[in-house]
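Structural description and commentary
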Amino acid sequence: MSGEQPNTLANVGLFKGLPATTRQALEKRCSWRNFAAHEQIIDRQSDTQDVYFFVHGRVRVVNYSMSGPEIAFDEIESGSYFGELAAIDGEPRSANIVALEATTVAILSSEAFRAALQENPELALQLMLRMSSIIRASTERIMDLSTLGANNRIYAEILRLAKSDVREDNTAVITPVPIHGDIASRVSTTRETVARVLSELSRLNLVKRERNLLVILDLEHLTEMVEQFQVE
């Protein structure tokens, strides 16, 4: 893969505002690695503090509960990054990272990353904006887990997945069709519950599957259903 993909950070969002010469200097300080699908990239138990930039591929952020089931937090597309928390505060990793497909990463040491933040205020601002977004999303998910029943958490997760492709006619499209197990791990329920809820939504003509798409047919109605029944 390295022969097909240039070793560049040009497509990483964090570096979009940097001068090319500054970005290229950081590229030279990175080590570059390829990972196969399903290979673990970062182990939560490791004491490394490097930052990983995903140049090509797709990865999943996961943890495991005390009883063993996987809890998926997010999926990261190429152009994003992970590991900035450990690089900044020196604390252990907060999650495991697993490749979902063949993935190329650029690995930058924590020392080089912190120096880049100090030398480039725009870089530091972009990082703060990303952290603000993560905190807001985490707060929203905590509220869902604390106040909503399983069905409603599934509705809320479907709406989150649909945010990137909302249409003017009160519909939205999720591509590809979400895997039941992925939704279940994100909202702390079972695959069977997810399958049942999606079947009910289909019967109510609120969602339909079209090949590899899941179409939300009535966003307003589904949004109203999210908080219709709260946890007592």
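The rules behind the values
- Residues numbered from 1 in each chain as written.
- Predicted model: local features only at pLDDT ≥ 70, side-chain atom pairs only at ≥ 80, totals over all residues.
- Heavy atoms only, no water.
- Pairing = 2+ DSSP bridges.
- Helix = DSSP H or I, 4+ residues; strand = E, 2+ residues; numbered from the N terminus.
- Salt bridge = Lys/Arg side-chain N within 4 Å of Asp/Glu carboxyl O.
- Buried < 20%, exposed > 50% of the residue type's maximum accessible area, 1.4 Å probe, protein only.
- Patch = residues over 30% accessible without salt bridge, like charges linked within 9 Å, V, L, I, M, F, W, Y side chains within 5 Å.
- Areas by Shrake-Rupley, 256 points an atom, 1.4 Å probe, with all protein chains shown as cover.
- Axes fitted to C-alpha atoms, helices over the stretch in contact; angles between N-to-C directions.
- Parallel < 35°, antiparallel > 145°, perpendicular 65-115°, else oblique.
- Contact = heavy atoms within 4.5 Å.

1. Remarks on the sheet that holds strand 3 (residues 51–56)
Across a sheet, strands are paired by hydrogen bonds formed along the backbone, either parallel or antiparallel in direction. Ordered by their spatial adjacency, four strands build an open sheet running 1-8-3-6, and the pairing between neighbours is antiparallel. Of all the strands in the sheet, just strand 1 (31–35) and strand 6 (81–82) have a single pairing partner and so form its edges. One ladder, built from five bridges, connects strand 3 with strand 8 (residues 103–108); its direction is antiparallel. From the neighbouring strand, Tyr-52 faces strand 8, where its bridge partner is Ile-107.

2. A few points about the pattern of salt bridges
One pass over the full model with this rule turns up 14 salt bridges. The closest approach of N and O atoms between Arg-58 and Glu-75, which form a salt bridge, is 2.8 Å. With Arg-58 in strand 4 (residues 58–64) and Glu-75 in strand 5 (residues 70–77), this residue pair connects regions lying 17 residues apart in the sequence. Its relative accessible area of 25% is what places Arg-58 among the partly exposed residues. Owing to a relative accessible area of 22%, Glu-75 belongs among the partly exposed residues under this scheme. For the salt bridge of Arg-186 with Glu-157, the shortest nitrogen-to-oxygen distance reads 3.4 Å.

3. Details of a nonpolar patch on the surface
Judged by side-chain polarity, Leu-125, Met-128 and Leu-129 come together as a nonpolar surface patch covering roughly 290 Å² of accessible area. The residue Met-128 is located in helix 4 (residues 121–147) in this model.

4. Looking at the packing of helix 3 (residues 110–119) against helix 4
Interaxial distance between helix 3 and helix 4 falls to 5 Å at its minimum, and their mutual angle equals 110°. In terms of their interaxial angle, helix 3 and helix 4 are classed as roughly perpendicular. On helix 4, the residues touching Phe-113, Ala-116, Leu-117 and Glu-119 of helix 3 are Pro-121, Leu-123, Ala-124 and Leu-127.

5. What about the pairing of strand 3?
Most of strand 3 is tucked away: five of the six residues are buried. Pairing geometry for strand 3 and strand 6, over two bridges, is antiparallel. Along strand 6, the bridge assignment pairs Tyr-52 with Phe-82.

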